[in-house]
Amino acid sequence: MPNSDWDYIYMSNACIITIGNEIIGGIRLDTNSQWISKKIAEYGIVTDRIISIGDNNTVISETVKSTIDIYDYIFITGGLGPTHDDVTLSSFKEVFNLEEKIDLNYLDKLNRAFLDRGIKMPDINKNQAIILEGCDILDNPYGTARGIYYSYSESFFFIMPGVPSEMYKMMDKIVVPLYLGDKIDCNYKTIRTSGIPESKLAESMGEIMSKYGNCFSFSFLPSYKGVDFVLKTSNIEVDIDKTSIEFYNAMQPYSFGYNNDSFSEFIISQLSKKNISIALAESCTGGYLGKILTDITGASKFFYGSIVAYSNAIKINKLNISQKKLNKHGAVSSQVAEDMACNIQNLFESDLGLSITGISGPEGSGSNKTIGLVYISISFKGISTTRKFNFNLDRDMNRKMTCYAALNMIRKIIND
């Protein structure tokens, strides 16, 4: 295997191959390649190519052959199960003309695992006890499909399960510590922002990027959660931490953390620091904002609870919204949103009350109110603040964008 010298590792490249008819058929999203690419970058391995292919013996074989001596590391996921379409191992065996045998100890372990559940092991599961000559077995902490490591010429192959949770554990517990060596200083840093569009952030950073353009390259990575700004340099003597602080300060008040810092964790920390309690009244988001907040450890100290007022009956009977106001303005209106925020604050006796009402889609538009229309209102210190949004996306993204817009409103209001 490659040694751990920094210069050598920095030049290592990789190809990631994800296998599965469900991936190329659009049934499932390939999240494995993104995760692997990010993980191996910490060890100086740069992903040059990502390939998704189906469960086809010929295609798998030809794809594997095309990577030999082109890539230092080849990570393959999928096709290790017991069913007819799990042909990754047999394809790999054919490419390198490897002998196979049955691992009797593992076969016995499989048998006992099935018997412990009161089930007779199907004969087809015997395939999972096959081992190939010259290959290291990669144990599976979460499942029965073991992986393999194989070194050939200048390339290093890792074959792992396609199930993300199983692959993550195999990488973290076995592949990384045994085969990838120590982390290196990759000399890049990500500044996380929320509440500002990519174009506006890029425009505001124009002058400072020109200042450091000779030493750094810059990337803007937008998502519904915000925009990540990445600084990179090939000069390991450059003080990237000092430079990133300058960028971070220039991005205020939108910057909130670095690398994997979470915006929802940042909001919880702000509520904690200022000792502000919060209660929610959610309609179109169906409790999603409450989930985001309660995913964070320590949220119980400041998150009092919520009412998911999806129907008008709940708005009337639980949130005390008047029927007259609903008839006059409609459930999706600034007037109803404001009353929802004030009333949830009073009901839960919280410092801050926040409400969301809108049309997520794909149905519900009409009367000049389109899909994606949302009103978010906050009641805090005797003042109500209501904002109108129109995201005009699909149902899932409308709800996600709404929640992060609400988090940004919380940040702005409690920091003003």
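Positions within a chain are numbered from 1, following the residues in the order the chain's sequence is written. Since the coordinates come from a predicted model, pLDDT governs what is reported: local features require at least 70, and pairs of side-chain atoms require 80 or more to be given and counted, while whole-chain, interface and lining totals use all residues. The basis for the side-chain values is all heavy atoms of the structure; hydrogens and waters are excluded.

S.K.: Sorry if this is basic, but what is going on with the sheet that holds strand β17 (residues 383–390) here?
M.R.: Strand-to-strand pairing in sheets goes through backbone hydrogen bonds, with the strands running parallel or antiparallel. At least two DSSP bridges between two strands are required for those strands to pair. A run of DSSP states H or I qualifies as a helix once it reaches four residues; a run of E qualifies as a strand once it reaches two. Both are numbered from the N-terminal end. Taken together, five strands build an open sheet; the order of strands is β14-β13-β15-β16-β17 and the sheet is mixed. At either margin of the open sheet sits one strand with a lone partner, and together these are β14 (303–308) and β17. Looking at each pair of strands side by side, their axes are set apart by 15 degrees on average, direction ignored. Sheet topology places strand β15 (residues 352–358) next to strand β16 (residues 373–380); seven bridges connect them, and they run antiparallel. In the strand pairing of β16, Leu354 is matched with Ile378. Throughout, a residue-residue contact means that at least one pair of heavy atoms, one from each residue, lies within 4.5 Å. Axis lines are fitted to C-alpha atoms, over the contacting stretch for helices. Their N-to-C directions set the angle, which ranges from 0 to 180 degrees. Relative to the sheet, helix α16 (residues 395–415) contacts β13 (278–282), β15, β16 and β17, its axis offset from that of β16 by approximately 30 degrees.

S.K.: Looking at this structure, I do not really get the pairing of β15. What am I missing?
M.R.: Looking along a regular strand, one sees side chains alternate from face to face of the sheet. Counting buried residues in β15 gives seven out of seven residues, a clear majority hidden from the surface. Relative accessible area decides the class of each residue, using a 1.4 Å probe on protein chains only: under 20% of the type maximum gives buried, over 50% gives exposed, and in between gives partly exposed. Burial along β15 is two-sided: the face carrying Leu352, Leu354, Ile356 and Gly358 and the face carrying Gly353, Ser355 and Thr357 are both buried. Here β13 pairs with β15 via five bridges, running parallel. Its bridge partner lying in β15, Ala281 is registered against Ser355.

S.K.: It is not clear to me how the packing of aromatic side chains should be interpreted in this structure. Could you clarify?
M.R.: Given two aromatic rings, their pairing is described by the distance between the two centres and the angle made by the two planes. Each pair of aromatic rings taken from Phe, Tyr and Trp, with Trp reduced to its six-membered ring, is defined by centres within 6.5 Å and is described as stacked if the planes are under 30 degrees apart, edge-to-face if over 60, and tilted in the remaining cases. Within this structure, the stated rule accounts for 29 aromatic pairs. Taking the centre distance of 4.9 Å and the plane angle of 35 degrees together, the rings of Tyr149 and Phe158 count as tilted. Residue Phe158 is classed as buried on the basis of its relative accessible area, which comes to 0%. Between Tyr248 and Tyr258 the ring centres are 5.0 Å apart and the planes differ by 25 degrees, which places this aromatic pair in the stacked class. Here Tyr248 is found in helix α10 (residues 240–250), whereas its partner Tyr258 is found in strand β12 (residues 255–258), with 10 residues between them in sequence. Through a chain of ring-to-ring contacts, three or more aromatic side chains come together here, namely Tyr73, Phe75, Tyr149, Phe156, Phe158 and Tyr179. In this analysis the charged atom, NZ for Lys or CZ for Arg, is taken to sit over a ring once it is within 6 Å of the ring centre and within 35 degrees of the ring normal. The side chain of Arg146 reaches across the aromatic face of Tyr106, ending 3.7 Å from its centre. Sitting above the plane of the Tyr258 ring, Lys189 keeps its charged end 4.7 Å from the centroid.

S.K.: Would you take a moment to explain unusual backbone geometry for this structure?
M.R.: Among all residues save glycine, negative phi is the norm, and among peptide bonds the norm is trans. Note that the residue after Gln252, namely Pro253, is joined by a cis bond; omega there is 10 degrees. Note that Pro253 resides in the loop between α10 and β12. Phi is positive for Asp69, which is not a glycine, with a value near 65 degrees. Along the chain, Asp69 turns up in the loop between α4 (57–65) and β3 (73–77). Residue Asp69 is classed as partly exposed on the basis of its relative accessible area, which comes to 44%. Phi is positive for Asn320, close to 60 degrees, though the residue is something other than glycine. Following the sequence through the fold, Asn320 ends up in the loop between α13 (312–317) and α14 (323–329).

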